[in-house]
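Letter by letter, the chains look like this.
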Number of protein chains: 2
Amino acid sequence: MRLRLLTTASKQLSLGNRQRHRLLATSASGQHQQEHQEYQPGGSRALYAAAAVGGIGAGYWLFHELDKKRRQPVELAQPQKATSSPVALDVEEAARLWHKTKRTDLPTYSTEDVLKHDKPDTGIWVTYGIGVYDVTEFAPNHPGGDKIMMAAGNAIDPFWAIYQQHNTLDVLELLESFRIGNLYKVEAIENDELGSPWAQEPKRHELLKPASKRPFNAEPPISMLGEHFYTPNELFYVRNHLPVPCISAEDYELELEVEAGAGKSSKCTFNLDEIKKLPKHTVTAAIMCGGNRRSEMTRIKPVKGLSWGAGAVGNAKWAGARLCDVLRAQGVEPDEHLQVIFEGADLDPTAHPYGASIPLSKALDPRGDVVLAYEMNGQPLTRDHGYPIRVIVPGTVGARNVKWLTRIVVADHESDSHWQQNDYKGFSPSTDWDTVDFGKAQAIQAMPVTSAICSPMPEERVKVDKGHITVYGYAWSGGGRRIERVDLTNDGGKTWHVAKLEQENEPDGRHYGWSLWSIRLPVTDEQQKQSELEIWAKAVDSAYNVQPESFENIWNLRGVLANAYHKVKVKLI
Amino acid sequence: MRLRLLTTASKQLSLGNRQRHRLLATSASGQHQQEHQEYQPGGSRALYAAAAVGGIGAGYWLFHELDKKRRQPVELAQPQKATSSPVALDVEEAARLWHKTKRTDLPTYSTEDVLKHDKPDTGIWVTYGIGVYDVTEFAPNHPGGDKIMMAAGNAIDPFWAIYQQHNTLDVLELLESFRIGNLYKVEAIENDELGSPWAQEPKRHELLKPASKRPFNAEPPISMLGEHFYTPNELFYVRNHLPVPCISAEDYELELEVEAGAGKSSKCTFNLDEIKKLPKHTVTAAIMCGGNRRSEMTRIKPVKGLSWGAGAVGNAKWAGARLCDVLRAQGVEPDEHLQVIFEGADLDPTAHPYGASIPLSKALDPRGDVVLAYEMNGQPLTRDHGYPIRVIVPGTVGARNVKWLTRIVVADHESDSHWQQNDYKGFSPSTDWDTVDFGKAQAIQAMPVTSAICSPMPEERVKVDKGHITVYGYAWSGGGRRIERVDLTNDGGKTWHVAKLEQENEPDGRHYGWSLWSIRLPVTDEQQKQSELEIWAKAVDSAYNVQPESFENIWNLRGVLANAYHKVKVKLI
């Protein structure tokens, strides 16, 4: 209640003349006026007055309340389609229809019109449902700070679906007060020809920002990523190498072959029910693309590969049958020379499947926690994440966590797939496409230690609160190495501050989940005067491996293993 | 034969006037003259002439031959005492007595006199046996380069005991030609009081350079370290925390206790024979002190700890009983929460033993290769290395490899020893002795990736050969992570060159030995003109972890985990 009242108070405090005018104009129409008054009750007047006097201070308090709220895991949902006409709506329910209702007193704009208004110079427009809103003057006072700019020139629907705190009458009122028009929407027409391998791609959450559409590769906004210890399935980055196959539970079959070179040769198959009947094992594991943070490395010198930000990673609880149980049941014994090859149902144009391999020692080790997963955060896998079975190889680069798993081979050699042999390998910074010899480097398995600042975002204007700013992000290391420490600096390394960690209590060597971290980072008066600040994050893992300082000396032609310090420049306000 | 002749040739080419005069003078005495002529046989004249014409080129060829030879493992021996008077000596045997024979024609000097002559300005003197030699003008032409300066003002005996290629008539002749006197030697008197805990310290090899004498802590010259894939036992760094205990094989007893909190409690003992009767397991493992390379970190800001160079590491074949076999025989089962505590027979002044612990998961894992070692490179352990039993915990910081092991406890807690709780932990660079909380950091177990340049040494004058210089060193990572690559640069990272690796063919995750590396590093004409060159080495392990670039951002108050790039400035000639 206190929060809600302050929202109203702060709203009025923060409105420019134009908005105040609009609010009054809108309020003049009976229903709005009535609701508005309902939220200015007598009992809150003292508080309202205090807030009016407190001014900016109250705004900061609100900011932190919202910030605290944002750090709670929230349920994600795709925006709902409009429901049938409501009967006997109450006031708040009515407000929830405004953005779905055409305002005949206002002009109509196309999405292209809106897109042109994505910065302060041009004005900042957003859409919600079919409403178009001019939030130019409100944006600097947005309690969530510059995060509003993620939607500039675009729809706020997917953000509000997650940040449910917007879904209150106060906020809906405020938004409607910015309304300038209606959106003329043409539904996108799917142009897939029948029979195209891309014809059956699944629908994706609108917040996943594609690095490529075919195959689909996309990451969520990292400020959201850092808010959930278990990444919501819909926000989990998607890395597809090929079109997504369509597999029904009934038709699914997994083949397991032990090749002649790998002991007593054998072959058997499992259907989905048989896999689900095996003892169920749950493991928390972050999965990270080998190219995560490539876009930062590219700034040094161009590389070949999708331009991933820092969001090509996610952390989830995976459940399924343990591969070590399956292999031991087939009589597979430890042998340092053997590999386990995985093949997916996703096929390249020559009908070869996606493939990868890991050492048998990892597959057989109960502490390796390799699972044939059919669940992700308690839900069946989605098609994009490998339905019905994906192998989860905790601590190992995403590329070995083969989706739509249809074949496992125990062999005396690695997978001969392109992705195992000629991709996902590291080289010296001076190796170029003329001199590279993929046969000379080891396929990436365990990943090195890394971290990222999820908030604030680059160029974000950050409010200084009592000499501090709030910074949060994630850190992770491969091979089951726990994160020992995350250090932050905002003075180029002269002073380092240790962040607070949120992590599972798993033992080292088996700590496959990521760690979230947060810190109230001190800012000096001198820094406030300069207004621009660069924040660096560096993580240290349980083997006391530390991130390298810069990308210059770890640059590699494929842009993988981009784990240098994460550096974010922000503006202080 | 070819090498020997060229040595003679090159010797004459490289002699200054003063030396040539001396050589002739010495040769005038019958025996020397005769031997000298024996090594100028007619058959070699053409080669001799060619070398004379070839001049410097021949010198470089020789340098590389010697260099190649040096990279072969050699037998180490302490310098032998003079034997009884020889009968019927042949010429070479006679030459081997010169440095043990007083020259009545020359003056006598004290070791202090010699010590004053340790650089070109003062003249460079060395001693060998009781001979004193002025090698000032020879030093720049020494085929082994500036390594001769390791003995400047000091004895060459321990070096020649290792570099056996000096032990030829040619070289002995050359040395004798530089003789300027006899050494007046007073044997050091051991002042240990009877009953002192230090009274029974073992004798150490003269090449081990102490960082502290009591307790004894010493490392070998790193240029020698990088020459032997298996570090000779006598050169293996010694890290003692307390006086060395005296334990006889007969009296030795190892106690194994499983505490109540750690399953079914039990207690048993093993004598040395019983341990030796268990299946013998051999593992190659590098052991590295947590403070290795601390002296480099100290340059940024002082730290507390012994000033180790890069030589607090060694690589050996260790053999003994596997701890996992011993524990499983006692019914110990995997449990992620348990620790294995080790206690040594070395006692602090309050009679508490040195102690450390590791997770049970490491101890029980057959791939962890933890052994109760009684052999080091095929020899029984020496007292300094833990006779009769030391636990070897491959991939883990030296401090957990407890020597003189007398007690093993399986417990639900770590060792409560000072060294586990309040030492050997890493902190942020801004943590100082006022703010440090040892309870908040994890005890170092697996070590991070590191490397060092063993040759050339800092400030060494290095000969450029056809636009290249030879550089070699070691690299290692903890946790069984294989070294994937070592990159070198001599232009501040603009170009990186990949070194050639020498390593065992052990699988990743179980690759506990170090890797030696070497490279012929290109030097540009421009760099040759500037004469000074800085070489950087950085290693990458199998998890693609890489060394941090500089010490500034990994500095910690105890100076541990000093694994930044190794940077060596040399002078080109």
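Predicted, not measured: the structure shown is a model, and the values here were computed from it.

### Overview of the overall build of chain A
Then step 1. Within chain A, the secondary structure is distributed over 16 helices and 28 strands.
Then step 2. The proportion of buried residues among the 573 residues of chain A is 58%.
Then step 3. Here chain A has roughly 24100 Å² of accessible surface; of this, 52% comes from carbon and sulfur atoms.

### Digging into the interface of chain A and chain B
Frequently, the measure chosen for interface size is the accessible area that the parts lose on association.
Then step 1. Listed per partner, the contact involves 44 residues of chain A and 44 residues of chain B.
Then step 2. Surface buried jointly by chain A and chain B totals about 3300 Å² across both partners, of which 42% is contributed by carbon and sulfur atoms.
Then step 3. The three residues of chain A that bury the most area against chain B are Gln442(A), Tyr544(A) and Asn553(A), which together make up 21% of that side's buried surface.
Then step 4. Counting across the interface, chain A meets chain B through four salt bridges.
Then step 5. For Arg510(A), the salt bridge identified is with Glu336(B), shortest N-O distance 2.6 Å.
Then step 6. At the boundary of chain A and chain B, one finds 25 residue pairs in polar contact (both at pLDDT 80 or more).
Then step 7. Among the residues forming the side of chain A that touches chain B, the class breakdown is 19 nonpolar, eleven polar and 14 charged.

### Observations regarding the sheet that holds strand 14 (residues 339-347) of chain A
Residues and elements named next belong to chain A.
Then step 1. On the basis of which strands lie adjacent, the open sheet formed by five strands has the order 11-10-19-14-15 and mixed pairing. The open sheet has two free edges, formed respectively by strand 11 (266-271) and strand 15 (353-359), since each of these has just one partner strand. Averaged over all pairs of adjacent strands, the angle between strand axes in this sheet comes to 15°, irrespective of strand direction.
Then step 2. Where strand 10 (residues 253-258) lies against strand 11, six bridges are found, and the strand directions are antiparallel. Across the sheet, residue Glu257 finds its bridge partner in strand 11, namely Lys267.

### Things to note about the pairing of strand 19 (residues 405-411) of chain A
Residue and element names in this part refer to chain A.
Then step 1. Counting buried positions along strand 19 yields five of seven residues, so the element is predominantly enclosed.
Then step 2. The sheet contact formed by strand 10 and strand 19 spans four bridges and is parallel. Residue pairing across strands places Glu257 opposite Val409, the latter belonging to strand 19.
Then step 3. Bridge analysis of strand 14 against strand 19 gives six bridges, and the strand direction is antiparallel. From the neighbouring strand, Glu343 faces strand 19, where its bridge partner is Arg407.

### Overview of a negative patch on the surface
Then step 1. Together, Glu250(A), Asp251(A), Glu253(A), Asp273(A) and Glu274(A) make up a negatively charged patch on the protein surface.
Then step 2. The topology assignment puts Glu250(A) in the loop between strand 9 (238-239) and strand 10.

### Here's the deal with the state of the cysteines
Every disulfide links exactly two cysteines, by a covalent bond between their sulfur atoms.
Then step 1. Per the stated rule, a full pass over the model turns up zero disulfides over all chains.
Then step 2. For the unlinked cysteine Cys454(B), the closest cysteine sulfur is that of Cys289(B), found at 16 Å.

### Focus on helix 9 (residues 169-177) of chain A
Then step 1. Counted residue by residue, helix 9 of chain A has nine buried out of nine residues, so it is predominantly covered.
Then step 2. Leu169(A), Asp170(A), Val171(A), Leu172(A), Glu173(A), Leu174(A), Leu175(A), Glu176(A) and Ser177(A) are the residues of helix 9 of chain A that are buried.

### A few points about the relation of the copies chain A and chain B
Then step 1. With an RMSD of 0.2 Å, the fit of chain A onto chain B corresponds to turning through 180° and sliding 0.0 Å along the axis. One copy is carried onto the other by what is essentially a two-fold rotation axis. Taking the C-alpha atom as reference, chain A places Pro548(A) closest to the rotation axis, 2.3 Å from it.
Then step 2. Interface overlap between copies is the fraction of interface residues in one copy that are interface residues in the other; for chain A against chain B it reaches 100%, indicating a shared surface.

### Focus: the confidence of the model for chain A
Residues and elements named next belong to chain A.
Then step 1. Per-chain confidence: chain A averages 84 in pLDDT, with 82% of residues scoring 70 or above.
Then step 2. Confidence over residues 187-192 falls short of pLDDT 50; this stretch has four contacts with residues more than four positions distant or in other chains.
Then step 3. Scoring of the predicted complex yields 0.77 for pTM and 0.76 for ipTM.

### A word on the environment of Lys571(A)
All names here are of chain A.
Then step 1. Tracing the backbone through its elements, the reader meets Lys571 in strand 28 (residues 566-572).
Then step 2. Counting along the chain gives 39 residues from Lys571 to Glu532, while the straight-line C-alpha distance between them is 4.6 Å.
Then step 3. Residue contacts for Lys571: discarding those within four places in its chain leaves Glu459, Glu460, Arg461, Val462, Ser531 and Glu532.
Then step 4. One polar contact links Lys571 to Glu532, side chain to side chain, over a distance of 3.5 Å.

### A word on the side chain of Glu296(A)
Then step 1. Positionally, Glu296(A) belongs in helix 12 (residues 294-298).
Then step 2. Beyond its immediate stretch of four places on either side in the chain, Glu296(A) contacts Phe551(A), Tyr565(A) and His566(A).

### Observations concerning the domain arrangement of chain A
Residue and element names in this part refer to chain A.
Then step 1. The assigned domain composition of chain A is domain 1 (88-183), domain 2 (219-440) and domain 3 (450-572).
Then step 2. The C-alpha-based centres of domain 1 and domain 3 are spaced at 33 Å.
Then step 3. Counting residues at the interface gives six residues for domain 1 and seven residues for domain 3.
Then step 4. With both chains or domains summed, domain 1 and domain 3 bury close to 570 Å², and 41% of this area falls on carbon and sulfur atoms.
Then step 5. Counting the surface domain 1 buries against domain 3, the share from its top three residues, Pro140, Asp146 and Lys147, is 76%.
Then step 6. Run the count over domain 1 and domain 3 and you get zero salt bridges.
Then step 7. Taken together, the connections running from domain 1 to domain 3 amount to zero residue pairs in polar contact (both at pLDDT 80 or more).
Then step 8. Its residues assigned to classes, the side of domain 1 that touches domain 3 shows three nonpolar, one polar and two charged.

### With respect to the pattern of salt bridges
Residue and element names in this part refer to chain B.
Then step 1. Scanning all chains against the criterion turns up 50 salt bridges over all chains.
Then step 2. Of the charged contacts, one joins Lys119 and Asp118 as a salt bridge, the two residues approaching to 3.1 Å between their closest N and O atoms.
Then step 3. By relative accessible area, Asp118 is classed as partly exposed at 30%.

### Thoughts on the environment of Gly344(A)
Residues and elements named next belong to chain A.
Then step 1. Tracing the backbone shows Gly344 in strand 14.
Then step 2. Sequence spacing of Gly344 and Trp160 is 184 residues, and the spatial spacing of their C-alpha atoms is 36 Å.
Then step 3. In contact with Gly344, other than residues within four places in its own chain, are Pro353, Tyr354, Val402, Lys403, Trp404, Leu405 and Thr406.

### Brief notes about the pairing of strand 6 (residues 179-184) of chain A
All names here are of chain A.
Then step 1. For strand 6, the buried fraction is high: five of the six residues fall into the buried class.
Then step 2. With three bridges joining them, strand 1 (residues 108-110) and strand 6 adopt parallel strand pairing. Bridge pairing in strand 6 places Ser110 opposite Tyr184.
Then step 3. Of the pairings in the sheet, the one linking strand 4 (residues 131-134) to strand 6 comprises three bridges and is antiparallel in character. Bridge assignment links Val132 to a residue of strand 6, and that residue is Gly181.

Here is what the cut-offs are and how they apply
Residues numbered from 1 in each chain as written. Chains lettered and ligands numbered in written order. Predicted model: local features only at pLDDT ≥ 70, side-chain atom pairs only at ≥ 80, totals over all residues. Heavy atoms only, no water. Helix = DSSP H or I, 4+ residues; strand = E, 2+ residues; numbered from the N terminus. Buried < 20%, exposed > 50% of the residue type's maximum accessible area, 1.4 Å probe, protein only. Areas by Shrake-Rupley, 256 points an atom, 1.4 Å probe, with all protein chains shown as cover. Contact = heavy atoms within 4.5 Å. Buried area = accessible area lost by both parts, 1.4 Å probe. Salt bridge = Lys/Arg side-chain N within 4 Å of Asp/Glu carboxyl O. Polar contact = N/O pair within 3.5 Å; in protein donor to acceptor, adjacent residues only side chain to side chain. Nonpolar A, V, L, I, M, F, W, Y, C, P; charged D, E, K, R; others polar. Pairing = 2+ DSSP bridges. Axes fitted to C-alpha atoms, helices over the stretch in contact; angles between N-to-C directions. Patch = residues over 30% accessible without salt bridge, like charges linked within 9 Å, V, L, I, M, F, W, Y side chains within 5 Å. Lys, Arg positive; Asp, Glu negative; His and termini not counted. Charge placed at Lys NZ, Arg CZ, Asp CG, Glu CD. Disulfide = S-S within 2.5 Å. Least-squares fit on C-alpha atoms with pLDDT ≥ 70 in both. pLDDT = per-residue confidence, 0-100. Domains from an automatic or database assignment.

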